[in-house]
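# Notes for the structure review
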Amino acid sequence: LQSRPSTLARCTATSAITTARVSSRSAAPPSQGSSLIKMAEMALTRVDLAQVGQTKRNCLKVVPVERAADGTPKSLERVVVGSVNGSVVCLFRKKNETQVAYKTPPGKSVEVVFLGGAVGGICDKVFIATDNVVRGVSKKGKHFFAFETNMAEPIRRMFIYGVEMVTCGKRTYTHYHDCVQAHHVICPEDILDVVCLPLESTAWGERAFTAVLACSDNTIRVVEGSDISDEIRLNDTPVTLQLFMGDGGHNKMHVLYGTKTGQLGLVDLPQRGASVVWEISTSSASAITAMTFYALTGERKDVILGKDDGRVEIYTVETDDKLSMRQMIQCDESITCVSCGRVSSEHTDDIVVCTYTGWVFSLTRIAEGSLSSAAPPVHAVNAKVQQLRNEVTELEQKVLEERNRYTEMISKENDGAVHSYLPTFHIHESFELNKATGYYILSISLVLPIEFIVVMSQVDLKLVDVERNNAVIGYTKPKENEEFRSIITYRCQSSQTRVEMHMRVDEGEAGAIMVLIVPDLKPSCGQLRRYDLKHLSLHVRTHSFDSSRPLNTMQITGQFSLGEVHAWLVGCLDGIPARVPNSPSVTYTFQCLVDGGSQLEATASKGTLSFRSDSVTTICTLRDIMNRETTRRNMRVAINCTVEERSVEHSLRLLHPKMSRLHDTHTKCKLAQALKELEANDAELSFLSDEYRQILKDYDRLMKESESDPIEESPLLIVYQRLFVSKWKLDGSNVTQYVPQLRELITTDYDIDVLLSFFKAPHSFKGKPEQD
């Protein structure tokens with residue numbers, strides 16, 4: 001209970017803000033976690049509805065009702081939410097209080113909550129997917145429909161359109177027409193979300209029933225009938241799909257998608273020639289976990305997004321189907337679902353949000369000037385606050401009594417045995433590589449408050465500051481010859497349930513990151529999580545390969561199977577499916593995020609494994625890995641490497657823009673410091689050129705960039721060093737003694753032509769020639 005004072009605090013804060021707005025027309029500027037968020041002509045007020053326990057994605061819906069001619073609902077709309085404990089709760093608001101219409105008994109975890117109904121009518125029928133069964137729940141909480149699918153795995157995603165129902169497992173897609181199986185497809189990659197195009201005779205013609213799948217290999221697949229008819233290759237993994245404008249847009253074939261790194265895009269899906277219409281970046285690089293369309297700001301529908309980092313974003317849809325961001329609201333917990341409707345009032349719109357920990361709250365749309373008339377009297381607010389305080393006091397007393405009873409129970413011995421109970425808790429976690437920054441982002445969310453987290457890494461890693469991280473970080477230097485190279489402790493603030501870490505790692509070494517999560521529980525307990533870093537951990541899957549680049553090659557031949565080769569690739573690179581492909585050969589392509597964009601192509605078949613890359617570093621790393629792997633397995637293989645001399649200069653040219661930009665930033669930083677000193681001494685600065693004036697203006701930004709990535713500690717130095725050592729290692733030479741000279745050339749007086757000369761002949765290099 002000590003970890004949840006937020007209910008009373010939020011209600012008190014909301015009441016205080018309401019009272020302040022009644023007495024004064026001005027409001028304080030919003031801050032993170034504020035209950036009031038200003039918009040152009042309206043405000044959003046957070047109102048906590050309930051806490052239902054841990055939830056999954058697609059777990060909440062606002063049930064629509066019949067509306068009058070002016071668009072006003074004839075009754076308030078209800079909220080249906082399913083939780084991991086299997087219970088389904090229907091909530092509604094009455095007299096500014098949350099009431100429970102019904103609550104089903106606990107059971108198997110609720111995977112999906114979806115609304116169905118007649119095509120063209122009101123979709124007010126609630127369907128729940130648990131395990132491999134789909135059930136319908138009536139308005140009174142009774143099961144009016146039960147359908148056991150023939151799936152051998154749990155239902156992870158579901159879509160219902162009239163009498164058409166689609167269920168998806170990890171890789172299986174099944175379409176049922178009126179509860180009779182019509183189509184079935186086994187997808188080559190994991191299915192992350194599914195939507196179905198509406199059956200519109202004017203747009204479809206002879207087209208079969210069409211579904212759209214978001215897959216884990218950065219692909220959107222179109223399924224017509226029982227065949228995969230088209231594939232759209234993206235630069236990131238799509239995790240969320242939504243019919244554009246709720247019905248597919250003007251041609252009924254537009255689908256909006258959200259990705260793992262916060263990209264938002266629109267695809268057009270005609271029967272032939274599917275394509276990406278546009279793609280934009282959102283306010284953060286966190287995964288988009290929920291999307292919905294609703295007319296919040298006008299007659300045309302808006303896009304409301306929910307993200308894994310707790311952000312709710314509102315976008316306006318322009319007439320050309322492009323989006324413009326209108327507002328962002330920061331919540332404290334990972335969001336699993338968003339929906340919209342009129343829950344609190346028949347005349348105001350609400351955004352209903354559900355978080356991973358089970359908090360269900362509404363962001364109520366209130367027009368400017370309407371709050372004063374709807375605000376409750378001050379004495380009613382005070383009475384409500386006092387009632388909440390009494391409830392909290394009563395709960396605290398009950399918790400204290402139960403804690404004392406538990407302490408007495410475990411202190412008594414019965415026949416030499418001590419009775420104790422070890423509590424369990426669920427962890428919502430993600431460990432993803434951010435393509436924009438090249439950092440790994442580890443986010444951990446608990447239903448309970450976190451006491452501390454210990455990170456133990458077998459590889460060297462460096463933490464990057466996160467603005468919204470309130471934990472106190474401590475570093476411990478491991479002893480020599482210990483298994484771990486980095487030990488970091490996060491001691492969390494009270495009531496903190498989510499921690500996000502940004503980690504910078506270098507390629508070349510593989511290892512594990514062990515994370516111990518300890519919540520604020522009595523007795524103390526924890527869970528250990530393991531996240532593996534591959535040798536080429538900064539390579540990401542792509543869909544194309546440029547054969548015109550100067551390529552280095554390596555080929556391995558021997559008596560090994562495709563399964564063995566596939567296992568080697570899984571151990572080296574991320575993004576490769578765990579299952580062995582059902583084909584005689586397979587090809588994967590990758591791109592490196594830190595060396596300017598070098599590429600890698602891996603082709604595997606029985607008895608042969610070949611690599612092509614424009615990076616000498618990548619080929620050298622793979623050769624060392626394969627040598628160790630085949631030696632460990634006592635396998636006789638032949639490894640042939642071919643180095644293209646032009647590839648080294650090509651790699652340096654790829655790195656040149658990044659290093660030039662880094663030096664330019666640090667040069668400007670020094671100038672900005674000097675100019676700032678002149679300004680502090682009241683010197684006359686009117687003679688400054690426009691360039692120097694801009695440098696002085698950007699002082700804060702330049703200092704921040706310089707401090708976050710100093711040249712002497714830049715990860716680019718590791719990239720140059722590995723390229724230099726790998727180039728000569730493949731030639732049979734050891735040049736580690738020249739690494740300090742290389743670092744000095746890069747950090748002090750960087751010149752790409754001088755660097756090229758050094759790479760070609762470090763033994764005879766005499767330094768940069770003097771200029772006249």
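Residues numbered from 1 in each chain as written. Predicted model: local features only at pLDDT ≥ 70, side-chain atom pairs only at ≥ 80, totals over all residues. Heavy atoms only, no water.

Right, let's get into the overall build of the chain. The helix and strand tally for the chain stands at 12 helices and 46 strands. Here the chain holds 772 residues, and 50% of them are scored as buried. Long-range pairs, those at least 24 residues apart, make up 56% of the contacts in the chain with a sequence separation of at least 6. As displayed, the chain has an accessible area near 37400 Å², and 49% of this comes from carbon and sulfur atoms. (Helix = DSSP H or I, 4+ residues; strand = E, 2+ residues; numbered from the N terminus. Buried < 20%, exposed > 50% of the residue type's maximum accessible area, 1.4 Å probe, protein only. Contact = heavy atoms within 4.5 Å. Areas by Shrake-Rupley, 256 points an atom, 1.4 Å probe, with all protein chains shown as cover.)

With that out of the way, let us pick up the packing of aromatic side chains. Scanning the model with the defined rule gives 10 aromatic pairs in all. Grouping aromatic residues by their ring pairs yields a cluster made of Phe 127, Phe 144 and Phe 145. When the ring centre of Phe 361 is taken as origin, the NZ or CZ atom of Arg 46, which lies over that ring, is 3.7 Å away. Above the plane of the ring of Trp 728 lies Lys 727, whose end atom (NZ or CZ) is 3.9 Å from the centre. (Phe/Tyr/Trp six-rings, centres within 6.5 Å; stacked < 30°, edge-to-face > 60°. Lys NZ or Arg CZ within 6 Å of the ring centre and 35° of its normal.)

A few words now on the sheet that holds strand 16 (residues 210-215). Two orientations exist for strands paired in a sheet by backbone hydrogen bonds: parallel and antiparallel. Judged by pairing direction, the sheet is antiparallel, and its four strands sit side by side in the order 15-16-17-18 without closing on themselves. Edge strands, defined here as strands with exactly one partner in the open sheet, are strand 15 (191-196) and strand 18 (227-233). Here the strands of the sheet are splayed against their neighbours by 25° on average, with no regard to which way each runs. (Pairing = 2+ DSSP bridges. Axes fitted to C-alpha atoms, helices over the stretch in contact; angles between N-to-C directions.)

Before going further, it helps to spend a moment on the confidence of the model for the chain. Where the model shows low pLDDT, its predicted coordinates should not be examined in detail. This prediction gives the chain a mean pLDDT of 84; 89% of its residues lie at or above 70. The low-confidence segment residues 1-41, where pLDDT is below 50, has 75 contacts with residues more than four positions distant or belonging to other chains. Here residues 368-373 scores under 50 on pLDDT; set against residues more than four positions off or in separate chains, the count is 10 contacts. (pLDDT = per-residue confidence, 0-100.)

The next point concerns the sheet that holds strand 34 (residues 450-457). Spatially, five strands are ordered 36-37-34-39-40 in an open sheet, and the strand pairing comes out antiparallel. Edge positions in the sheet fall to strand 36 (472-476) and strand 40 (527-533), since each has one partner strand and no second. Sheet twist, expressed as the mean angle between neighbouring strand axes with direction ignored, is 15°. The pairing of strand 34 with strand 39 (residues 511-519) spans seven bridges and is classified as antiparallel. Within strand 39, the residue paired with Val 455 across the bridge is Val 515.

A word on the packing of helix 7 (residues 646-680) against helix 8 (residues 690-697). As a packed pair, helix 7 and helix 8 sit with axes 9 Å apart at the nearest point and diverge in direction by 85°. Between helix 7 and helix 8, the crossing angle belongs to the class labelled roughly perpendicular. Of the residues in helix 8, those in contact with Lys 668, Leu 671, Ala 672, Leu 675, Lys 676 and Glu 679 of helix 7 are Tyr 692, Ile 695 and Leu 696. (Parallel < 35°, antiparallel > 145°, perpendicular 65-115°, else oblique.)

Glancing now at the pattern of salt bridges. Pairing between side chains of opposite charge can happen when the charged atoms of each approach one another. Scanning the model with the defined rule gives 40 salt bridges in all. Between Asp 236 and Lys 435 there is a salt bridge, with its nearest N and O atoms 3.9 Å apart. Taken as a pair, Asp 236 in the loop between strand 18 and strand 19 (238-243) and Lys 435 in the loop between strand 32 (427-433) and strand 33 (440-446) lie far apart in primary sequence, 199 residues in all. Judged by its relative accessible area of 6%, Asp 236 falls in the buried class. The exposure class assigned to Lys 435 is partly exposed, which follows from its relative accessible area of 25%. Note that Glu 394 is salt-bridged to Lys 398, the shortest N-O span being 3.8 Å. Of this pair, Glu 394 and Lys 398 both sit in helix 4 (residues 378-411), separated by four residues, roughly a single helical turn. (Salt bridge = Lys/Arg side-chain N within 4 Å of Asp/Glu carboxyl O.)

Right, let's get into unusual backbone geometry. Of note, Asn 58 is a non-glycine position whose phi angle comes to about 60°, a positive value. On the secondary structure map, Asn 58 appears in the loop between strand 2 (42-51) and strand 3 (60-63).

Nonpolar side chains tend toward joint burial in soluble globular proteins. Judged by nonpolar contacts, the single largest core of 43 residues is most densely connected at Met 158, Tyr 173, Val 255 and Leu 269. Looking at this core element by element, the count peaks at five residues for strand 16. Leaving out residues up to four positions away in the same chain, Val 255 has contacts with Val 195, Leu 197, Val 212, Leu 241, Gln 242, Leu 243, Phe 244, Gly 265, Leu 266, Val 267 and Leu 269. Judged by nonpolar contacts, the second largest core, of 32 residues, contains Val 459, Ile 488, Met 503 and Ile 513. (Core = buried A, V, L, I, M, F, W, Y, C linked by side-chain atoms within 4.5 Å.)

Every buried residue of helix 12 (residues 752-760) is accounted for by Ile 752, Val 754, Leu 755, Leu 756, Phe 758 and Phe 759. Along its buried surface, helix 12 packs onto helix 7, helix 10 (715-730) and helix 11 (739-747). You can read the cap of helix 12 off the contacts: a side-chain oxygen lies 2.9 Å from the backbone nitrogen of Asp 753, and it is on Asp 751. (Polar contact = N/O pair within 3.5 Å; in protein donor to acceptor, adjacent residues only side chain to side chain.)

Between helix 7 and helix 9 (residues 699-708), the shortest axis-to-axis distance is 9 Å and the interhelical angle comes to 130°. With respect to helix 9, the axis of helix 7 lies oblique. In this structure, helix 7 crosses over helix 9, and the sense of that crossing is left-handed. Packed against helix 7, whose contacting residues are Thr 665, His 666, Lys 668, Cys 669, Ala 672, Gln 673 and Lys 676, the element helix 9 presents Tyr 699, Leu 702, Met 703, Glu 705 and Ser 706 at the interface. Taken together, the residues of the contact of helix 7 with helix 9 break down into five nonpolar, four polar and three charged. (Left-handed = near helix turned anticlockwise from the far one by under 90°. Nonpolar A, V, L, I, M, F, W, Y, C, P; charged D, E, K, R; others polar.)

Looking now at the environment of Thr 667. By secondary structure assignment, the location of Thr 667 is in helix 7. For the pair Thr 667 and Leu 702, spaced 35 residues apart in the sequence, the C-alpha separation amounts to 9.7 Å. At a separation of 2.9 Å, a polar atom in the side chain of Thr 667 contacts the main-chain carbonyl oxygen of His 663.

Now for helix 6 (residues 616-632). Look at helix 6: 24 Å from first C-alpha to last across 17 residues, which is about the 24 Å you get at 1.5 Å a residue. The buried fraction of helix 6 is high, at 12 of 17 residues. Its side-chain oxygen placed 3.3 Å from the backbone nitrogen of Thr 617, Ser 615 serves as the N-cap of helix 6. Asn 634 lies just past helix 6 and shows a positive phi near 60°. (Expected span 1.5 Å × (residues − 1).)

This next bit is on the side chain of Asp 309. If you trace the backbone, Asp 309 turns up in the loop between strand 24 (302-307) and strand 25 (311-317). Engagement of the side chain of Asp 309 in a polar contact is seen with the backbone nitrogen of Arg 311, the distance being 3.3 Å. What Asp 309 contacts, discounting residues up to four positions off in sequence, is Ser 284, Ser 286, Gln 330, Cys 331, Arg 468, Arg 498 and Glu 500.

Another aspect to go through is the environment of Val 119. Its location among the elements puts Val 119 in the loop between strand 7 (110-116) and strand 8 (125-130). With relative accessibility at 55%, the residue Val 119 sits in the exposed group. Remark: the alpha-carbon pair of Val 119 and Val 163, spanning 44 residues in sequence, is separated by 8.6 Å. Among all residues touching Val 119, those that are not within four sequence positions of it are Tyr 161 and Gly 162.

Time to look at the environment of Leu 76. Looking at where Leu 76 falls in the secondary structure, it is placed in the loop between strand 3 and strand 4 (78-82). The sequence separation of Leu 76 and Lys 94 amounts to 18 residues, and the corresponding C-alpha distance is 8.8 Å. In contact with Leu 76, not counting residues within four places along its chain, are Val 65, Arg 93, Arg 342, Val 343, Ser 344, Ser 345 and Glu 346.

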